[in-house]
Amino acid sequence: MNGKGDASLMMYDGDGRGSGSGPDVLIAENLQKFYGPRPALRGLSFTLKAGRILGFLGPNGAGKTTSIRILTTILEPSAGRFEVDGISCDYPDKIRRRIGVLPESFGLPKQMTGIEYVTFFGQLYGLSAKAARSHGLKLLEEVGLGQRTKSLVGTYSHGMRQRVGLARALVNNPAVVFLDEPTLGLDPRGQQELRELVRQIARERNAGVVLCSHLLAEVETVCDDVVIMSSGEVVAAGRVADVIGRAEQNVIRVRVPAASIDESRRALETIPAVRKVEAAGATPGWLRVEVDGGAGEEHTLNNRILDVLIRAEITVLSFEPQGGRLQDVFLNLTAEAIK
Amino acid sequence: MRPAWWVICSRELRDLWIGGKALHLILIYTVLLGIYAFLLASNAEVKLLPLKEMVLEMVRASIMVALFISLLIGADSVSGERERATLEGLLLTPASRRQIVFGKLLAAVSPWPVALAVSIPYWSVLAKGDPVFSQALLWGVVLGTLLAPACAALGMIVSMLCNSNKSSMLVSIGLYLLLLLPTELARPGRNPTAAEVRRAVAYQWVNPWDAASTLLGKTLMNDAPLRDVWVLLVLPVLFTVIVLGLVFLYGNRGVRLEAAAPQRWQLFWARWGHVPGLTTRHD
């Protein structure tokens, strides 16, 4: 699948489904960036509505960070325009008042306490010292640092640093929050807690969230919408489920014990709707089953496949019905774009 | 509600003075000044120096070292934040680049009043009640207050142009030596030749450090009135105005995540790299 020339991919408009059905808080139109003659971004367009979470995906060098830096007014686009909460990119100072950003790698002044750090940023957004401090305490409580407000940030763990960064990003009650790899380097529990915080930001603050991540499972579980970029271009955009569905129609992935691979293949090939069965992925035991799909027949076929395997007394370790995973979509699309 | 530059300046002051490098540099300054004052006052050979000359040497040293501290702090202000990855957070706030520059500049100048407060007792002790002390105080305050912002701004400009703190410091120290060394080396002796005098006069018109140093010499040693020496103030004032103007003009573009100068070099080399025969192309 190639996103080039497909207008629906080039200008995706979040449809207001689910919890977020608010106004457009972020509109990007044909954003481009060149470093000298080298293009870093070639026509980024998308829309994000309030209360929704947009996953921003792409391999290294795809243009994600450049896009984020343009949208957060750190860089100027070479062409194109964008709006944040109705404010045109011609007014970067006003845009900065309406966004919150957690950069991928950010430093913290080691000799400041958590509350001093958040208070400092609150003051830069125009709050008085007293109001900034009181607001900062609430935010630190919200991100789970209520017990460590007076500790020096130099003593914080990586997870706590991410949380204090998140509190800073929320200090101005932003309409759009940009999170660049927020769970990178966190342990599984930390990742889970931070994901929940991200959901809270979208749900309770009704902010649009742009989440850059390399963890595709994370994007799949947290995000409503997704934009996949490769070599500076958008190769897919839409609701997460739609994007997953677009990539590999009529493919089912089944995992069985490695010793039962041949037996499983023989059993599955007896089903008339099965076109092809082949080993999939590097992990032994995975089978990729291509089927003849018809509208509304997916569930019947899924049951039939499971039934055949169970009757053949083959243990089914995993079963991923049609649509596959975001990871497959990502790998397919980015591989095509690189070709 | 406080303006953004004030908030930034407050944070910088706190970082610099609470266990930060300004405190350490001022402590070193105090010790060095103490040693120098002791040597001037007690060393048998230099004791032969007239009292006024001793005070002059002390004032010169105090100002030059204090200016060096401001220069170093200015040189760390932007490239240091780049290295510590704290600049992006600041750039993402509504504070304008000029407000950031102004806040940081004020903080970088802050060692000067402290250094002055540390120096005055030494000047007083060396002057031993001589009226030269009041001249030293007047011109020390005037010249230091004039040149400290210029030094801090010079360091900041270099800092905006460098991605690493190391290169920022090296370039700043190089510039400082470039200004200071001719002043020291070209200083005429007790019986200067005509060529030495011509060279010294020429330096006064191109080097603000030299102009300031000469002005100090004339006022402290010869009790020269203002009408005779005001012309020597022109260059330091001009230098300060130009450097401050540059830091605010360039600050709008220079305070950014990556320094512009290395990028320009990369573009330059990229362009030359495309000249056939110079490098291999990997298309």
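Residues numbered from 1 in each chain as written. Chains lettered and ligands numbered in written order. Predicted model: local features only at pLDDT ≥ 70, side-chain atom pairs only at ≥ 80, totals over all residues.

What follows concerns the overall build of chain B. Secondary structure summary: chain B contains 14 helices and zero strands in total. The order of helices and strands in chain B, counted from the N terminus, is α-α-α-α-α-α-α-α-α-α-α-α-α-α. Within chain B, the proportion of its 283 residues that are buried is 42%. Long-range pairs, those at least 24 residues apart, make up 82% of the contacts in chain B with a sequence separation of at least 6. (Helix = DSSP H or I, 4+ residues; strand = E, 2+ residues; numbered from the N terminus. Buried ≥ 20, exposed ≤ 12 C-beta atoms within 10 Å, placed from the backbone. Contact = placed C-beta atoms within 7 Å.)

Right, let's talk about the nonpolar core for a bit. Soluble globular proteins tend to bury their nonpolar side chains together. Within the largest apolar cluster, 159 residues are counted, with the highest numbers of intra-cluster contacts made by A:Val176, A:Val209, A:Leu211 and B:Val55. If one sorts the elements of this core by residue count, helix α8 (residues 132-161) of chain B sits on top with 16 residues. With sequence-adjacent residues up to four places away left out, A:Leu211 is seen in contact with A:Ile53, A:Leu54, A:Gly55, A:Phe56, A:Leu179, A:Val198, A:Val219, A:Val222 and A:Cys223. (Core = buried A, V, L, I, M, F, W, Y, C linked by C-beta atoms within 7 Å.)

Taking 1.5 Å of rise per residue, the 24 residues of helix α13 (residues 231-254) of chain B would be expected to cover 34 Å, and the 34 Å separating its terminal C-alpha atoms lies within 8% of that figure. Those residues of α13(B) not exposed but buried are B:Leu232, B:Leu235, B:Pro236, B:Phe239, B:Thr240, B:Val243, B:Val247, B:Gly251 and B:Gly254. (Expected span 1.5 Å × (residues − 1).)

Residues and elements named next belong to chain A. Along strand β9 (residues 208-212), five of the five residues are buried, which leaves the element largely enclosed by surrounding structure. The pairing of strand β4 (residues 53-57) with β9 spans four bridges and is parallel. Across the sheet, the residue bridging to glycine 55 is leucine 211, located in β9. Two elements, strand β8 (residues 176-180) and β9, share five bridges in a ladder whose sense is parallel. Paired with valine 177 across the two strands is valine 209, which belongs to β9. (Pairing = 2+ DSSP bridges.)

The interface is formed by 22 residues belonging to chain B together with 21 residues belonging to chain A. Broken down by secondary-structure element, the contributors of at least two residues to the side of chain B that touches chain A are α1 (4-17), α5 (87-91) and α14 (260-273) of chain B. By residue number, the principal contributor to the side of chain B that touches chain A is α1(B), which donates four residues. Of the residues belonging to the side of chain B that touches chain A, the class tally is twelve nonpolar, five polar and five charged. (Nonpolar A, V, L, I, M, F, W, Y, C, P; charged D, E, K, R; others polar.)

What follows is about the confidence of the model for chain B. Residues and elements named next belong to chain B. With 88% of its residues at a pLDDT of 70 or more, chain B has an overall mean of 87. Mean pLDDT across the elements of chain B ranges from a minimum in α14, with 65, to a maximum in helix α6 (residues 97-109), with 96. For residues 275-283, every residue scores under 50 in pLDDT, and the model assigns this stretch four contacts once sequence neighbours within four places are set aside. Both scores are available for the predicted complex, with the pTM at 0.81 and the ipTM at 0.83. (pLDDT = per-residue confidence, 0-100.)

Residues and elements named next belong to chain B. Its location among the elements puts serine 164 in the loop between α8 and α9 (165-185). Classification of serine 164 as partly exposed rests on a count of 14 C-beta atoms within 10 Å. In this structure, the C-alpha to C-alpha distance between serine 164 and glutamate 83, residues 81 residues apart in sequence, is 6.4 Å. If we skip the residues at most four places from it in the chain, serine 164 touches Ser79 and Glu83.

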